[in-house]
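Architecture at a glance
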Amino acid sequence: MPRPFAEASIDIDAPPAHVWAVMLDLARYHEWNPFIVAIDHVGSPALGGALRLHVRWNDGTGASSGEEITELVAPDGERAGRLAYRFTGLLPTFGLVRATRVQQVASLPGDRTRYFTREEFTGLLTRFLPLAKVQDGFDRHARALKARAEALAAAQDGR
């Protein structure tokens, strides 16, 4: 039986370094991200760092989750950048819901970027996940990341 998942991909007219900078500026998510509206964290993002994500579903309700950064590799030339974090707390500890979200920025010709994100879920309670809401959130997140990165790149280039 396939694992439930949500994923989104979008091409962005900005270099990977610009997109990566937006992704790691956790304190400003509330300015542009309609899905992850706030992130509680201490210091700069780092491997093993703890995050608390506050999400807003499309219906206006919300939720929060603890996460731990498990991968943090900046884009460099042709090497894609990857940010991954895993769900923490009682649900994963007891095997009820486990998940790791991966976000990747890859270089495209013309100083452009392909953004991709995917999260797979396992555990006894996965059938109760609001998977359609997560998918909608990933789609909204990707479109907002595109708009933010392109606007910042245009401002920096003086367009």
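It should be noted that the structure appears before, not after, this text.
The rules behind each value
Residues numbered from 1 in each chain as written. Predicted model: local features only at pLDDT ≥ 70, side-chain atom pairs only at ≥ 80, totals over all residues. Heavy atoms only, no water. Helix = DSSP H or I, 4+ residues; strand = E, 2+ residues; numbered from the N terminus. Rg over C-alpha atoms; globule rule 2.2 N^0.38 Å. Buried < 20%, exposed > 50% of the residue type's maximum accessible area, 1.4 Å probe, protein only. Contact = heavy atoms within 4.5 Å. Areas by Shrake-Rupley, 256 points an atom, 1.4 Å probe, with all protein chains shown as cover. Lys, Arg positive; Asp, Glu negative; His and termini not counted. Charge placed at Lys NZ, Arg CZ, Asp CG, Glu CD. Salt bridge = Lys/Arg side-chain N within 4 Å of Asp/Glu carboxyl O. Core = buried A, V, L, I, M, F, W, Y, C linked by side-chain atoms within 4.5 Å.

Each helix and strand counted, the protein has four helices and seven strands in total. The linear arrangement of helices and strands in the protein, starting from the amino end, is β-α-α-β-β-β-β-α-β-β-α. Against the 2.2 N^0.38 benchmark of 15 Å for 159 residues, the protein shows a C-alpha radius of gyration of 16 Å, consistent with a compact globule. Taken over 159 residues, the protein has a buried fraction of 38%. Long-range pairs, those at least 24 residues apart, make up 53% of the contacts in the protein with a sequence separation of at least 6. Of the roughly 8500 Å² of accessible surface on the protein, a fraction of 55% belongs to carbon and sulfur atoms. In the protein, which carries 19 positive and 19 negative side-chain charges, the distance between the mean positions of the two groups comes to 5 Å.

In this section: the pattern of salt bridges. Counted according to the given criterion, the structure contains 13 salt bridges. Its salt-bridge partner being E120, residue R3 comes within 3.5 Å of it at the nearest N-O pair. Residue R3 is found in the segment before β1 (5–12), and its partner E120 is found in strand β7 (residues 112–122); the two are separated by 117 residues along the sequence. Since its relative accessible area comes to 49%, R3 is described here as partly exposed. Measuring nitrogen to oxygen at the nearest pair gives 3.7 Å for the salt bridge that ties R28 to E31. Via salt bridges that share partners, R3, E7, R118 and E120 belong to a single interconnected network.

Turning next to the nonpolar core. In this structure, I12, V19, M23, I36, Y115 and L145 are the most contacted members of the largest nonpolar core, which totals 35 residues. The element contributing the most residues to this core is helix α4 (residues 131–157), with seven residues. Look past the residues within four positions of V19 in its chain and what remains in contact with it is I12, A14, V105, T113, L145 and A149.

Remember, this is a structural readout, not a statement about activity or role.
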